[in-house]
Amino acid sequence: IQTSGYNVWVERPYGPEGPTGDTLYHVNNTVSVTIRDLDTVGTILDVAIEAGANSIYGVTFSVADPSKLMFEGREKAVTDARSKAEELARLNNVAVGQVISISEVVGGPEGFYGGGFRGLSAAEGLGGGGAGPVSPGELEMVVQLQITYGIQ
């Protein structure tokens, strides 16, 4: 659990006759929670609400250490690039030569994590009592390489 925001502000309400003399203080304490056991997410959300949480801004899913998956993705991308280059070379009656350049297309943090709520539906108990339904679905990690080959 980590505090990610904390705000305190005062409100002095006005009525038809001007200031009411009341002073209201508001506090907003925002925390981020990392849960590693996905089976407990719904229960933890219920406990947070019972403890007074009145705004839950969303649940996101990610991979704690994506380095092995990114390595595997790069291996597959290199194999795929070589296969496509050979296909294009064959269609043009040439042969694939040596690699001229390689670059990874980077658009942010490693990989792309999406589809966290894929597959969530009414059939899975949406809106039922007890622990709220939370479906992690699938995470998709994308690796894009640009490889330039010489031709022979």
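Worth saying up front: this structure is predicted, and the values here are computed from it rather than measured. (Residues numbered from 1 in each chain as written. Predicted model: local features only at pLDDT ≥ 70, side-chain atom pairs only at ≥ 80, totals over all residues. Heavy atoms only, no water.)

Engineer: Before we go on, may I ask you to explain unusual backbone geometry in this structure?
Structural biologist: Even without a glycine there, the phi angle at N93 is positive, about 55 degrees. As for its position among the elements, N93 is in the loop between α2 (67–91) and β5 (96–105). (Helix = DSSP H or I, 4+ residues; strand = E, 2+ residues; numbered from the N terminus.)

Engineer: Sorry, what's going on with α2 here?
Structural biologist: For α2, built from 25 residues, the straight-helix expectation of 36 Å at 1.5 Å per residue is met to within 8% by its first-to-last C-alpha distance of 36 Å. Looking at the residues trailing α2, positive phi occurs at N93, about 55 degrees. (Expected span 1.5 Å × (residues − 1).)

Engineer: Can you walk me through the pattern of salt bridges in this structure?
Structural biologist: Close approach of charged atoms allows side chains of opposite charge to pair. On inspection of all chains with the given rule, the structure shows 3 salt bridges. Here E104 makes a salt bridge to R74, at a shortest N to O gap of 3.0 Å. In this pair, E104 sits in strand β5 while R74 sits in helix α2, placing the two residues 30 residues apart along the sequence. For R74, a relative accessible area of 27% corresponds to the partly exposed category. With its nearest N and O atoms 3.0 Å apart, the salt bridge here joins E86 to R82. Here the residue E86 and the residue R82 both occupy positions in helix α2, the gap between them amounting to 4 residues, near one helical turn. (Salt bridge = Lys/Arg side-chain N within 4 Å of Asp/Glu carboxyl O. Buried < 20%, exposed > 50% of the residue type's maximum accessible area, 1.4 Å probe, protein only.)

Engineer: Explain the confidence of the model for the protein chain to me, please; I cannot follow it from the model alone.
Structural biologist: When pLDDT is averaged along the protein chain, the result is 83, and 83% of the positions lie at 70 or above. Ignoring residues within four places in sequence, the model shows residues 108–129, a span with pLDDT below 50, making 41 contacts including any to other chains. (pLDDT = per-residue confidence, 0-100. Contact = heavy atoms within 4.5 Å.)

Engineer: What exactly am I supposed to notice about a nonpolar patch on the surface here?
Structural biologist: On the surface, a cluster of nonpolar side chains totalling about 310 Å² of accessible area is made up of I1, V31 and V33. Topologically, V31 is positioned in strand β4 (residues 24–32). With a relative accessible area of 41%, V31 lands in the partly exposed category. (Patch = residues over 30% accessible without salt bridge, like charges linked within 9 Å, V, L, I, M, F, W, Y side chains within 5 Å. Areas by Shrake-Rupley, 256 points an atom, 1.4 Å probe, with all protein chains shown as cover.)

Engineer: I keep staring at the nonpolar core and nothing clicks. Help me out?
Structural biologist: In summary, soluble globular proteins display a tendency toward joint burial of nonpolar side chains. With 6 residues, the main nonpolar core is built from A81, A85, A89, V96, I147 and Y149. Those elements giving two or more residues to this core turn out to be α2 and β6 (144–151). Counting residues per element, this core draws most heavily on α2, which supplies 3 residues. Residue contacts for V96: discarding those within four places in its chain leaves R82, A85, E86, A89, Y149, G150 and Q152. (Core = buried A, V, L, I, M, F, W, Y, C linked by side-chain atoms within 4.5 Å.)

Engineer: What exactly am I supposed to notice about the environment of E75 here?
Structural biologist: Structurally, E75 can be placed in helix α2. Separated by 68 residues in sequence, E75 and V143 have C-alpha atoms that sit 9.7 Å apart.

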